[in-house]
Each structure stands twice: as structure tokens, then as C-alpha cells.
Amino acid sequence: MCQRSCLAIPPERLVIVDEEGVERTSVVGPYSEGADLALRCDVYGGKPRPVVTWYRNDQLASNVSTVLKTSDGGHLVRNEIIIRNLGRQDLHSQLKCHASNNNRTHPLEATVHVDMNFMPLDVRILGASQPLSAGRRYDLLCQSSGSRPPASITWKLDGQRLERTKETTSNDGNTTTSTLSLIVKKEDAGKYLSCQAKNTIFQKEGLEDGWKLEIQYVPISRLQLGSSLNPDTIREGTDVYFDCLIQAQPSVYKVEWRHNGRLLNHNVGQGVIISNQSLVLQGVSRASAGNYTCVGYNTEGDGESNYFYLNVMYAPTCKANQTRVHGVAKQEKANISCEVEANPPDVQFRWTFNNSAESLDVAAAHIARAGTSSVVSYTPMTELDYGTLLCWASNRIGHQRVPCVFHIIAAGRPDQVYNCTVANTSMTSFSVHCAPGFNGGMEQSFLMEVRESQSQVLRYNFSSAVPRFSVTGLEAGSHYQACVYSFNHKGRSEPVVVQASTLRLPEKQLTAEKERPRPGFRFTPMMSVLIGVVSALLIVAVVVGIVLRLQCSHNEDRRKRHKAAAHEQRGRGTGSGGSGAGGDKGGSSPINKLDPGGTESGDSDEKNPDIIPQPSTVEPEEHGDYVRKRQHISTIETTSPSRSLLQQSLQGPPGGPAGYTGYCTLRNGMPLQDLNNIGSKPKMKPGGEGSSFQPAGCTLPRQHWPTYAGGIAGVRHHPQIATGPPSGGIPVAICAATSYPAPAAVASLHHHSHPHLHHPPPETVAPIAPGAAVAAAAVKAQKPPLIIAGPPLGEEEHATAETPLMVTKRESTV
């Protein structure tokens, strides 16, 4: 008996039942936030009776149990747990029922989890309260969190539900995002946009977020004429103003005005005044007519207003570019058209005819009108019918102030073309462009004939309404003549001939190497500047070199001549001593004597070997050398009455270049040029105050000759003899090939050249005679003629001690 009573029987089963009597095995609920939870745990069987307890998240929650009898006579043990005011922290909490009646067997356990439903915690529109631009598409986001199950989000605009939404839920199910695709309009400005999140399990209202829309849009402009103006009565000279009414968000920062699409600027001088959103046009004209608009600018863009056409009415005026001259033959009918510009275009015409004798109105039967143009039929019968037709028009605005003038002339041929140029020349073509002349009063056309220059064969013949021609198919490298005519019904004008040539064919270049492409050479502006600088430097260097070379050569020649003249002077000084008496007997000049300064006069001539001064004393041993040198020199040595005259001629005027008066060569007929390099001498007093001396050609000085501005007294003005002294200076006679001395002078010349001849006394010297006798004497003597300037024909001048005529020596081996 004891063994049976001590045997333990574990519980048979354990059941968890909710408030509704539904058995739960894993999850209980869902419960709403703030609700109460009631669960009972029933344990069947077991001996002794089991102990039943509840654990809440592994914490003991209830251990009070009761024993109840079952319907079959058995018993059960029940433990009921109640949890009031469930919160969010109770979600997924664990409730476990534990039943055990011994420590030898495993106890019975059952666990359930609490499931709950929650209202949304928040809802918000991302990026709310920002201005939106009208006409643009926006994707607006609304987020809600804390709802279990996920909340349902609804978009509304001023209470009207919006479709086109898309919802997404986060992985934990706690956050719901709704995307709204919305295109706002200007009319949506000020409307309320809302986003509502709601848990449908609950009967309560959900959470909502929203804002009043701020819509920005392009300005809406409207142009209207001033309220006091009637658009149908605007005339030239009146003032007009416009108002621009603009709606814009944000406000406009600039307003522009346009006339026929072109910007109008504020210009008081031209009568355009812009003030804020108003436009004033002062003294409108017909050019002011057209479409006007205003444009408002803000950050959204520019909005142009409607077009307003300003209709400016004006009296008729003559239309430009009409044919003003009409050529009409007698008894030929001509239709003269007159076109005017007028607004309104309902016009009336009046024609008058004027000539030099009278003024007549044209009969209405000859006038036809079509809109703003009128045509008059006119037939001149006599000469008096040629004159001027005047066309007048009028409308309801007024009468035409200046008439349209048409000249009726007798028709004739047109004038020539002019300003013809050849252009676009190639190997086979060229073009000719001309300007048309007067058409002769009739419509004219133009003709061009192209002929070969050599054969005059006609190659082409063109006609055109304008004087522009293009010729093709020509031969390369040929010359052509293009004759351009203008013609009308009365005939054609005279031709204008234009010479034209085609380009030659390119010549083939023969090269020793194979042709191969070469890199192109690019000529840049910098290279051209560099080449120009280098070229200039090279030119300067060459010029400097040439100048230096010429100076060196000139100095070398001068030294050689100086050395030869010095040697010759020494030969003459030693070899002519014996002939001094003869020289005196023949009337020799005192030029061999010392000058007043005590210096020999020969010193002035020793630098020029072609000039042989008067020999003085010659040493016997040097006489042969002197004679040999004289045989190779052909000169004329002229002497003057005084040494001072020679010095003055060589030295030149004060401050002026040295002269070379009195020396003339037979080699080249030109005076020597190197006397300027004569060494320093005692300066002689000039011939007179203010006298000036300029070097001249080969001259023969005369003493005591009258001086005047017109020339030298006693010198014949021969076309080939340049005479005339410098102002206030020594009279000068320039050598000319057609002047010859008198025979007596030639005889005197021969006498002094050859001492063995008979010496006539000085008083027998005859005056200078015409050049023919001198030429005969020169031919007889077989010597070149001597050029001597003397007094005029018919005048006699005798040589005296004070005024010797000339003492000249001449030796020549020619």
C-alpha cells in the first residue's frame, strides 16, 4: 500500500487560453496600445496536483493557481494572468506558463508573445514651405513612422485627394514614405497641400502635415493704350502713351518696350519717354506705326505682353523710287503712274500739266485710280505738250503738300555706261561691271560684244537688263575687247570699250629631282618685320662701306695729285729762269711774283696737276724733266692783272666756299674741282663790302669791269654762254664751246707760247673779235680753239698796264 501511494504522476497537458477562449500557442493579440491582456493557463492531470506559474520576460508574474473539476470527473489546475494598459514596450514581450509536480520529471511549459497595433507617431512633408515654380513637375515626399501595421498616407490639395502617389516601407516596418508627383499652376497659389498618415485599424483620425503653396510664375503682361486716347483717331504729330499691366511672382525687376520686335530706349530728343511701366511717344509719325509690346522680367523669366498695333494716320505723300522721267514721242500714248503713301488709303487724285507757257488741269476722263495709285493717259501732240505732270492726292486726313513730279521729254537714245571695270579674271573667263547712264526717258537694256584684240573676230554677244556681264569659254593668255552698249526703242548709245585679258596657263617647271611634297612655308607678320629690319641694317652697312671707300679713294687721289704738282712746281721753278725776260717782253702777268703776304702764288695750284701756274725760275738740271712733263699736259693758263684777284677767286667770299676762277682744261672742258683742298694761304681782302662769290664753271677774270645785276659788261649774251657775276662779286664768264677769241688775241697767244716768234708790242693787241676769225686761226694753227669771253662786238678795249687783256701760255702735244 505504501509503495502505490508514494508513486508521482506528472501533468498530462498544458493549455493557454485568451480572453475569448481561443487557445494560443505562439502569439497572443494583437492588442491596441493601452488595452488590457488576460490569459489563463490550464494544466490537466498530475498527481500530486501540479504547481502552475506565469513568467513575464523570464520574471515571475503570477503563482496563484486554483483547482477546478472537469466534466469527466477529473480536475485541472488554472493560473490566470492579467496585464493592464499595454504599452509600446510590451510589443513582442514573452509570457511563459510553467507546470511541475515533482523534481524527477521535466515540467510542462508553454510560451506566447504579445502582438500589438500602434497609431502613427508622426508625419511630415520633406522640403515643405518652399516656393514652387508654375509649370514645373515636382516630386514631394511625405514620411510617417511609429505605426503598426504601416500607416496609410493620403495627399490632399484644398481637401481634394490627389492621386499619382507611390508608397514605400522601411525594412523594419516602422517608417512609411509616400511620393507625390505634382505639376503646379499659377492658379494653385495659396492652396493648402496636406499629407495625412492613418492606421486603419484604429477608428481615430490620423496625423496630418501640410503648407500653403507659394507659386512663382513668369510675368503675365498686358499692354493697353492710354484710357483717354482713341486708337482710331491717332494722327501724325499727336502724343501717345501706353500702360503695361503686369502680374508676376516674384515682382518684376525690369520692364522693356519693343516696337516691331526692336528694343525701344529712353530718348527724350526723339520723343520716346519710358517711366516705370508707361511709355510716352511724343509727336508720332508714320514711322511710329506698328506693333508695340512690353516685356516684364523676374527670376522666373520674361513675359511679353499682347501685340498692340498703333495705327498712325497721315495725309498722302509721294512714294519713293518711281520713274520720274518719261521719254515719249509725238502722238505716242504714254501711261504715267503716280503712287502715294496714305493712311487711310482711300485717296482722291488730281493731275496738272505745266510747261513754260501755261498750267492746265488734266481732265478726269484721262485719270484712272486703283487704291493708292493713279494712272493718267497722256499723248503729246506738239512741242508745247512736253513739260511736267504734277500728281496731287488727298484723303480725310488732309491734302498732299508736295506733289509727285513727272517730266515728259522727247524720247531719245540712252547715254553711255560709265565706270566699267573688269573683275573675276581667270584663264577662260572674266566679268565686266558698269554703271548705267541716263536711259533717254525709256526703259533701257544693255549689250556687250566681245572681240579678239588682234583679229577683231566676234566671240560673244550678250544682252542684259543690267550692265553686268560674265564671259566664259575663252582662250587662256589672250587679249579681248569688250564693247558695252545701252539701248532702248530709240536706238543705242556709243560703245564703251574695255580691254580684258585672260590669265596665262601655268608653265611647267623642270626639276632635276623627283617632285615630292614639301612642307608649307607660313609667312607670318613677325617674320616680315624681322626681314625688314635685317634688310635695313644690310643697306645701311653697304652705304656706309661705299661712303668710306669713296672717301679713302678721294683722299688717295688728292695725295697723288698734290705730290705730282709739287714735283712739277719744283721743275718749273728751276727750268724757266732764262725765259723770264721774254715773258716780260711779251707782257707777262705779275702772277709769278710773290703775293702781298710774301708767299709764292704757285703754292695755290700745286695740288692740281692739270693746272700749271706761271713758271718762275727753273734750275738747269731740272729743265729737261720740266719740258717732258709739259709735253704730256694740255692746259690753258690764264693770268690776271693782280695776284689779289686770283687769290680772291680761289679763296671765295667770306664764309663761302673757295672758288676756282681762271682755270679751264682742254681735256674735258670742265673746271677743276679740287681747288677747294688748297692749303692755307694769307687771306686777301674781298673785292667789296657784302660781295659774295659762288664757284662757277671755267671763268676768265677781268679787272675793272663794271658790275651790275644783269651780267658782265662787255660780254655778249650768247645762248651757250652763261654770264652774270654773283651779287656784288667779281664778274664771271663761263666757258662755252661756241665762243672764240679775236685773231689778234690768238696771235698774242701764239706769241707767248713760242718765244722765238716776233713779239708785237702790248699796245698792238686788238680787241676781241667775233668767234669765226678765232676759229679760222685755230684751224690754221692746228690747235683747239681757245674760249675767251670779251667785250661786246663793236666796242674796243685796249690792254694797258692796269688792264691787260690776257696773257696766256699754251703748249700741247695733242
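Quick notes on the rules
- Note that residues are indexed from 1 along each chain, following the sequence as it is written.
- Where local features are concerned, this predicted model is filtered to residues with pLDDT of at least 70; where side-chain atom pairs are given and counted, the filter is 80 or more; whole-chain, interface and lining totals use all residues.
- Excluded from the side-chain calculations are hydrogens and water; all other atoms, namely the structure's heavy atoms, are used.
- One requirement defines pairing of two strands: DSSP has to find at least two bridges between them.
- In this description a helix means any DSSP run of H or I spanning at least four residues, a strand means any run of E spanning at least two, and both kinds are numbered starting from the N terminus.
- Aromatic contacts are taken between Phe, Tyr and Trp rings whose centres are within 6.5 Å, Trp giving its six-membered ring; a plane angle under 30 degrees counts as stacked, one over 60 as edge-to-face, and the others as tilted.
- Relative accessible area decides the class of each residue, using a 1.4 Å probe on protein chains only: under 20% of the type maximum gives buried, over 50% gives exposed, and in between gives partly exposed.
- Any Lys NZ or Arg CZ that is within 6 Å of a ring centre and within 35 degrees of that ring's normal is treated as a charge sitting over the ring.
- Patch membership requires more than 30% relative accessible area and the absence of a salt bridge. Residues of like charge join within 9 Å; the nonpolar side chains Val, Leu, Ile, Met, Phe, Trp and Tyr join within 5 Å.
- Residue burial considers only the protein chains on display, and all accessible areas are found by Shrake-Rupley using a 1.4 Å probe.
- Between Lys or Arg on one side and Asp or Glu on the other, a salt bridge is scored when a side-chain nitrogen of the former is within 4 Å of a carboxyl oxygen of the latter.
- We call two residues contacting when some pair of their heavy atoms lies within 4.5 Å.
- The criterion is simple. A nonpolar core is a set of buried Ala, Val, Leu, Ile, Met, Phe, Trp, Tyr and Cys residues joined through side-chain atoms within 4.5 Å.
- Throughout, disulfides are identified as pairs of cysteine sulfur atoms within 2.5 Å of each other.

**Q** Where do I start with the pairing of strand β34 (residues 367-370) in this structure?
**A** As a general feature of sheets, a regular strand has side chains that alternate between the two faces. With four bridges joining them, β34 and strand β35 (residues 373-378) adopt antiparallel strand pairing. In the sheet register, Ala370 faces β35, and the bridge partner there is Ser373. Here β34 folds back onto β35, and the loop between the two strands holds two residues, one of which, Gly371, carries a positive phi near 70°.

**Q** How should the packing of aromatic side chains be read in this particular structure?
**A** Applying the stated criterion across every chain yields a total of seven aromatic pairs. On the numbers, 5.5 Å between centres and 75° between planes, the contact of Phe242 with Phe308 is edge-to-face. Of the two residues, Phe242 sits in strand β21 (residues 240-249) while Phe308 sits in strand β28 (residues 308-310), which places them 66 residues apart along the sequence. Judged by its relative accessible area of 0%, Phe242 is buried. On the basis of relative accessible area, Phe308 is assigned to the buried category, the value being 18%. Pairing Tyr253 with Tyr297 gives two aromatic rings, centres 6.5 Å apart and planes at 45°, and the pair type is tilted. One end of the pair, Tyr253, is in the loop between β21 and β22 (254-259); the other, Tyr297, is in strand β26 (residues 290-298), with 44 residues separating them in the sequence. Among the residues examined, Tyr253 registers a relative accessible area of 59% and is labelled exposed. Through a chain of ring-to-ring contacts, the aromatic side chains of Phe242, Tyr292 and Phe308 assemble into a single cluster. Between Arg286 and the ring centre of Tyr314, over which it is positioned, the NZ or CZ distance is 3.9 Å. In this structure, Arg324 is placed above the aromatic ring of Phe406, and the distance from its NZ or CZ to the ring centre is 5.9 Å.

**Q** How do you make sense of a nonpolar patch on the surface when you look at a structure like this?
**A** A cluster of nonpolar side chains, Met526, Val529, Val533 and Leu537, forms an exposed patch at the surface whose accessible area comes to about 420 Å². The residue Met526 is located in helix α2 (residues 525-575) in this model.

**Q** Where do I start with the sheet that holds β21 in this structure?
**A** Read across the open sheet, the five strands follow the order β12-β20-β21-β25-β24; overall the sheet is mixed. A single partner strand is all that each edge strand has here, and the edge strands are β12 (132-133) and β24 (272-275). As judged from the four bridges shared by β21 and strand β25 (residues 278-281), these two strands associate in the antiparallel manner. Bridging across to β25, Asp243 finds its partner in Ser278.

**Q** How should I be thinking about the environment of Thr472 in this particular structure?
**A** Looking at the secondary structure, you find Thr472 in the loop between β42 (468-471) and β43 (479-488). By relative accessible area, Thr472 is classed as partly exposed at 49%. A sequence separation of 47 residues divides Thr472 from Thr425, and the C-alpha atoms of the two residues are 10.0 Å apart. Dropping the residues within four chain positions of it, Thr472 is found in contact with Thr428, Ser429 and Tyr460.

**Q** What exactly am I supposed to notice about unusual backbone geometry here?
**A** Across residues other than glycine, the phi torsion is negative in most instances, and most of the peptide bonds are trans. That bond from Lys47 to Pro48 is cis: its omega, 0°, falls within 30 degrees of zero. As for its placement among the helices and strands, Pro48 is situated in the loop between β4 (37-44) and β5 (51-56). Asn343 connects to Pro344 through a cis peptide bond whose omega is 10°. Mapped onto the secondary structure, Pro344 falls in the loop between β31 (334-343) and β32 (348-354). In this structure, His92 takes a positive phi of about 65° despite not being glycine. Of note in this structure, Asn276 is not a glycine but carries a positive phi near 55°. Among the secondary structure elements, Asn276 is positioned in the loop between β24 and β25. On the basis of relative accessibility, which here comes to 66%, the residue Asn276 falls in the exposed class.

**Q** How should I be thinking about the pattern of salt bridges in this particular structure?
**A** Side chains that differ in sign of charge can pair as their charged atoms come close. A complete count under the given rule lists 18 salt bridges for this structure. For the salt bridge of Arg286 with Glu236, the shortest nitrogen-to-oxygen distance reads 3.2 Å. Of the two residues, Arg286 is situated in the loop between β25 and β26 and Glu236 in the loop between β20 (215-225) and β21; the sequence distance between them amounts to 50 residues. A residue is classified by how much of its surface remains accessible, and Glu236, at 34% relative accessible area, is partly exposed. The shortest N-O distance in the salt bridge between Glu341 and Arg286 comes to 3.9 Å. Of this pair, Glu341 sits in strand β31 while Arg286 sits in the loop between β25 and β26, and the two are 55 residues apart along the sequence. According to the relative accessible area criterion, Glu341 is partly exposed, its value standing at 32%. Because the salt bridges share partners, they merge into one network encompassing Lys254, Glu256, Arg258 and Glu304.

**Q** What should I look at first to understand the pairing of β5 in this one?
**A** Of the strand pairs in this sheet, β5 and strand β9 (residues 94-100) are connected by six bridges, and their pairing is antiparallel. Paired with Val52 across the two strands is Ala99, which belongs to β9. Summarising the sheet, β5 and strand β6 (residues 59-62) pair through three bridges and their orientation is antiparallel. Bridge pairing links Tyr55 to Leu60 in β6. Counted between consecutive antiparallel strands, the loop separating β5 from β6 contains two residues, among which Asn57 sits at a positive phi close to 55°.

**Q** What's the story with the sheet that holds β4 in this structure? I'm lost.
**A** One key point about sheets: their strands pair by backbone hydrogen bonds, in either a parallel or an antiparallel sense. An order of β2-β1-β4-β8-β7 is seen for the five strands of this open sheet, with the pairing classed as antiparallel. Every interior strand has two partners, whereas the edge strands, β2 (23-24) and β7 (66-69), have only one. Here strand β1 (residues 13-17) pairs with β4 via five bridges, running antiparallel. Across the sheet, Leu14 pairs through a bridge with Val43, a residue of β4.

**Q** Quick question: what am I supposed to make of the nonpolar core here?
**A** The nonpolar side chains of a soluble globular protein tend to be buried with one another. Counting residues in hydrophobic clusters, the biggest one holds 21 residues, and the most contacted among them are Tyr31, Leu37, Leu39, Cys41, Trp54, Leu95 and Val114. When residues of this core are traced back to their parent elements, those giving at least two are β1, β3 (27-32), β4, β5, β8 (75-83), β9 and β10 (108-117). Among the elements that make up this core, the one with the highest residue count is β4 (four residues). Ignoring sequence-local partners within four residues, the contact set of Cys41 consists of Leu14, Val15, Ile16, Val52, Trp54, Val77, Arg78, Asn79 and Cys97.

**Q** Is there a simple way to explain the side chain of Asp115 in this structure?
**A** Within the secondary structure, Asp115 is located in strand β10. Not counting residues within four places of it along the chain, the set of residues in contact with Asp115 comprises Val27, Val28, Gly29, Pro30, Tyr31, Leu91 and Arg148.

**Q** Looking at this structure, how should I read the state of the cysteines?
**A** When the sulfur atoms of two cysteines share a covalent bond, that bond is a disulfide. Enumeration over the complete set of coordinates arrives at six disulfides. Residue pairing for Cys41: its cysteine sulfur links by disulfide to Cys97, the two sulfurs lying 1.7 Å apart. Between Cys41 and Cys97, the disulfide has an S-S torsion of -90° and is therefore left-handed. Of this pair, Cys41 sits in strand β4 while Cys97 sits in strand β9; the two residues are 56 residues apart in sequence, bridging distant segments of the chain. Pair check on accessibility: Cys41 and Cys97 agree, each one buried. Across a sulfur-sulfur distance of 2.0 Å, Cys420 and Cys434 are joined as a disulfide pair. Taking the sign of the S-S torsion, about 115° here, the bridge from Cys420 to Cys434 comes out right-handed. Within this pair, whereas Cys420 is found in strand β38 (residues 418-423), its partner Cys434 is found in strand β39 (residues 430-435), the two being separated by 14 residues in sequence.

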